[in-house]
Amino acid sequence: MDQLVIAGGKPLAGEIEVSGAKNAALPILCAGLLTAQPVVFDNVPDLRDVGTLLRLLGSMGVTVERGVHRVTLCAESVGNPVASYDLVKTMRASILVLGPLLARFGHARVSLPGGCAIGERPVDLHIKGLQAMGARIDIDHGYIVAEAARLKGARIFMDTVTVTGTENLMMAATLAEGVTVLENAAREPEVVDLAECLIGMGARIRGHGSDVVTIEGVSRLEGTQHAVMPDRIETGTFLVAAAATGGNVRLVGTRDDTLDAVLDKLEEANAIVERGQGEIRIRMRGPNHGVSLRTSPYPAFPTDMQAQFMAMNAVAQGTTVVTETIFENRFMHVQELRRLGANIEVEGNAAIIRGVSKLEGATVMATDLRASASLVIAGLIAQGETVVDRIYHLDRGYEKIEQKLSCLGAAIYRRSDGDAE
Ligand code: EPZ
């Protein structure tokens, strides 16, 4: 397994380009199942999860052409609408094929995604919504077996705000008979990007970005060309890395209107954040004050940025509190940060971080995608050498992270643990 080796203590400086958003690209690729015509997607990030999904779509019979950040799909003849456990277990977002398969082909067999390091990750709201649209759904030996001659529009209230639940049901509703209203829908920018892509395919959707999304079903969708939005979590991750190392960084190819909560928290931590056309610059005004935060659905502070801020808080002046309200086990990075010298106590879903003057390099283990990012940031801050193990987690959601960090002056390289002395 690969490792990242980091010699920390250097402020990041320079300019890098942000990649396309993983959490927009995954549902948008699944939208390709909704039409028999070719679809072309640009700004698709080169990530492990994207590769996994393209293998899954190919296994169903979708033709897949992959260029540099461009994917062309054609789902004209899908002979095998099945998502097998061996693929789904490596990437839970595979559940996003369920709605499109059921809407286009009337049947689907999708493995229940297992839980993962950060939580149980149920999909009951996906299933309940499809049943409300008339689908017959059984669970058979760990698989969701769904049938529906034609889905029917319905009014669906989602008890919990669910991003992929909203996306699955929105995609299913595009080909249903009649109107579907999703209430308490997720408002994330990635949901909006998917909706814009579907509208480009001929779907009739309004209210996306609000908590009530209305979809009027049509008989079929057309091909389209759509560019995936920039990744707001990658953007936030590099901004935090710059702030935490006392650096001065400019991100280009991004957007500044999809992460207000993150930018506000960085300013509260004593950073100067300058927004431009498709770019954001950050440097510190003075000492890192750290910042307390509480995760919530968009537009509030995103859970996917919680671990990264904890690394910055670890060396901040004073004590901060990080509260995680979305996932039940998203503090796996805490024990690893402690190995680097961080002073963090966990009480239920709150972590109390008492800033220390410095972190000291050590070997740490990545456990999930954003925890890995947190450990890389901590390694950039720490004095001495940090080795982050099991970075396949990181490769799921960050494109060329060590190259981008090296462009910003970080002393970082990848090695396979077979090379470890
Ligand atoms: C999406 O996951 C993202 N993944 C996650 O990003 C992100 O952390 C999460 O949304 C929250 O913003 C993708 O978009 C591919 P949820 P998702 O359904 O949709 C409960 C990353 O690091 N729930 O919004 O799976 C659930 O248990 C990943 O890039 C149900 O109870 O998350 C959780 O407590 C990690 N029943 C809450 O809702 C359901 O049927 C929010 O989960 C569905 C969800």
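So, here's what we can say about the structure. Since the structure is predicted, the reported quantities are computational estimates derived from the model, not experimental observations.

This part takes up the site of the ligand. Lining the immediate surroundings of the ligand are 22 residues, of which Leu 125, Thr 162, Thr 164, Asp 304 and Ile 326 lie closest. Asp 304 places a polar side-chain atom, nitrogen or oxygen, 2.6 Å from an oxygen atom of the ligand. The fraction of the free accessible surface of the ligand (840 Å²) that becomes covered by protein chains is 87%. Among the elements of the structure, helix H1 (22-31), helix H5 (124-132), helix H6 (163-173) and helix H12 (369-381) are those that each provide at least two residues to the shell around the ligand. At three residues, H5 tops the list of elements feeding residues into the shell around the ligand. Counted by class, the shell around the ligand contains nine nonpolar, six polar and seven charged residues.

Read across the open sheet, the four strands follow the order E22-E23-E1-E24; overall the sheet is mixed. The sheet is open, and its two borders are formed by strand E22 (363-365) and strand E24 (411-416), each paired with just one other strand. Averaged over all pairs of adjacent strands, the angle between their axes in this sheet comes to 20°, without regard to strand direction. Where strand E1 (residues 2-7) meets strand E23 (residues 385-389), four bridges bridge the pair, whose relative direction is antiparallel. Of the residues in E23, the one forming a bridge with Ala 7 is Glu 385. Along the sheet, H12 makes contact with E1, E22 and E23, crossing E1 at roughly 30°.

Glancing now at the sheet that holds strand E6 (residues 82-83). Taken in spatial order, the four strands line up as E6-E7-E9-E8 in an open sheet, and their pairing is mixed. The open sheet has two edge strands, E6 and strand E8 (136-140), and neither has a second partner. Two elements, strand E7 (residues 107-111) and strand E9 (residues 143-147), share five bridges in a ladder whose sense is antiparallel. For Arg 109, the partnering residue across the bridge sits in E9 and is Val 145.

For the rest of this paragraph, the subject is empty space enclosed by the protein. Applying the stated rule across the entire model yields two cavities of 30 Å³ or more. Looking at the largest cavity, its volume works out to about 50 Å³. Lining the largest cavity are Thr 237, Phe 238, Ala 241, Ala 373, Val 376, Ile 377, Leu 380, Ile 401 and Leu 405. Within the residue set of the lining of the largest cavity, elements represented by two or more residues are helix H8 (232-244), H12 and helix H14 (401-407). For the lining of the largest cavity, the element with the most residues is H12, which contributes four residues. Its residues assigned to classes, the lining of the largest cavity shows eight nonpolar, one polar and no charged. Considered as a void within the structure, the second largest cavity measures approximately 30 Å³ in volume. Taken together, Arg 232, Thr 258, Leu 259, Asp 260, Ala 261, Val 262, Tyr 298, Pro 299, Ala 300 and Pro 302 form the lining of the second largest cavity. Broken down by element, the residue count for the lining of the second largest cavity peaks at three residues, all from helix H9 (residues 260-268). For the lining of the second largest cavity, a count of residues per class yields seven nonpolar, one polar and two charged.

Calculation rules
- Residues numbered from 1 in each chain as written.
- Predicted model: local features only at pLDDT ≥ 70, side-chain atom pairs only at ≥ 80, totals over all residues.
- Heavy atoms only, no water.
- Near = heavy atom within 4 Å.
- Polar contact = N/O pair within 3.5 Å; in protein donor to acceptor, adjacent residues only side chain to side chain.
- Areas by Shrake-Rupley, 256 points an atom, 1.4 Å probe, with all protein chains shown as cover.
- Helix = DSSP H or I, 4+ residues; strand = E, 2+ residues; numbered from the N terminus.
- Nonpolar A, V, L, I, M, F, W, Y, C, P; charged D, E, K, R; others polar.
- Pairing = 2+ DSSP bridges.
- Axes fitted to C-alpha atoms, helices over the stretch in contact; angles between N-to-C directions.
- Contact = heavy atoms within 4.5 Å.
- 1 Å grid on protein atoms, 1.4 Å probe; cavity = no way out; pocket = protein on both sides within 12 Å on 5 of 7 lines; lining within 4 Å.
- Points joined across faces, edges and corners; volume = space filled by probe spheres on them.

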